[in-house]
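# Structural overview
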Amino acid sequence: MNLEPGLTVIRPDDADSLIAAAAAEGCPLYQFSTHDQSGSEALFAAVRSALPLDPPVVGSSSWDALSDSLWEGIHSKKHGRVAILWTDATTFAEESPEDYRIAIAILTDMAESLSDETATVGRPTDVCIYVGRREKPVR
């Protein structure tokens, strides 16, 4: 597996290949899990526990604060490339579709804006985001 900038949905079974690819590249990998929970509180807690945030985010209600903090947290690490793996978004997406939509929009926007030379004042970062989701069983 090759790391690709932007957001990619993968099968959870492919997480090990992604982890190996990041290690082979020497690319920092930030991995988080919502542990089959849903809602903004679960996501905020998972992100707080695994991703660099600057400034720290208190509470679970301000998506804008999360977005800004995540952007600055990743940018402040001064890596040319990072990988982010949300290992298990299936339950979250199914039980909190609006929160999932917002989370995906934040992650996508962060990846796009951190790759921008102007927005990063000449220090862009390729952000490779992978979201693990199982397909719904066909009945």
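All residue numbers refer to position in the chain's written sequence, counted from 1. Under the rules for a predicted model, residues below a pLDDT of 70 receive no local features and side-chain atom pairs below 80 are neither given nor counted, while totals for whole chains, interfaces and linings still include all residues. Excluding hydrogens and water, the side-chain figures rest on all heavy atoms present in the structure.

### Observations regarding unusual backbone geometry
A cis amide bond links D54 to the next residue, P55, at an omega of 0 degrees. Tracing the backbone through its elements, the reader meets P55 in the loop between α2 (40-50) and α3 (63-76). Phi angles above zero are rare outside glycine, and K78 is one such case at about 60 degrees. Locating K78 in the fold gives a position in the loop between α3 and β3 (81-86). For V121, which is not glycine, the phi torsion reads 50 degrees and is therefore positive. By the criteria applied, helices consist of DSSP H or I runs no shorter than four residues and strands consist of E runs no shorter than two, each listed in order from the N terminus. Summarising the element assignment, V121 is placed in the loop between α5 (97-114) and β4 (126-132).

### Topic: the sheet that holds β3
Pairing between two strands is assigned when DSSP locates at least 2 bridges connecting them. A sheet is described by the order of its strands in space; here four strands give the open sequence β1-β4-β3-β2, paired in parallel fashion. Every other strand in the sheet has two partners, leaving β1 (6-10) and β2 (29-32) as the edge strands with one partner each. The mean inter-strand angle of the sheet, taken between neighbouring strand axes irrespective of direction, is 15 degrees. Docked against the sheet, α2 engages β2 and β3, running at close to 145 degrees with respect to β2. Here α5 sits on the sheet in contact with β1, β3 and β4, set at roughly 160 degrees to β4. Convention adopted: a line fitted to C-alpha atoms gives each axis, helices being fitted over their contacting stretch, and angles between N-to-C directions are expressed from 0 to 180 degrees. The contact rule is simple, with two residues in contact once any of their heavy atoms fall within 4.5 Å.

### A word on the packing of α3 against α5
The N-to-C vectors of α3 and α5 enclose an angle of 35 degrees; their axes lie 10 Å apart at closest approach. Where α3 crosses over α5, the two elements pack in a sense that is right-handed. Taken together, the residues of α5 that come into contact with α3 (itself represented by W63, S67, L70, W71, I74 and H75) are D99, I102, A103, I106, L107, M110, S113 and L114. In this count, Pro and Cys sit with the nonpolar residues alongside Ala, Val, Leu, Ile, Met, Phe, Trp and Tyr, while Asp, Glu, Lys and Arg are called charged and the others, Gly among them, polar. Residue classes in the contact of α3 with α5 are distributed as ten nonpolar, three polar and one charged. By definition, any crossing whose near helix is turned counterclockwise from its far helix by less than a right angle is left-handed, and any crossing with a clockwise turn is right-handed.

### Let's talk about the pairing of β3
With a 1.4 Å probe rolled over the protein chains alone, any residue whose accessible area is under 20% of its type maximum counts as buried; one over 50% counts as exposed, and the rest are partly exposed. Among the six residues that make up β3, five are buried, leaving the element largely enclosed by the rest of the structure. In this structure, β2 lies alongside β3, joined through four bridges in parallel fashion. Following the sheet pairing, Q31 is matched in β3 by L85.

### Things to note about the nonpolar core
Among the buried residues, those of types Ala, Val, Leu, Ile, Met, Phe, Trp, Tyr and Cys that are joined through side-chain atoms within 4.5 Å form a nonpolar core. Formed by 32 residues in total, the largest nonpolar core has its most connected members in I74, I84, W86, M110 and V127. Breaking this core down by element, the ones donating at least two residues are β2, α2, α3, β3, α4 (90-95), α5 and β4. Looking at this core, the element that brings in the most residues is α5, giving nine residues. Membership of the second largest hydrophobic core comes to eleven residues, among which are L3, A21, A83 and C128.

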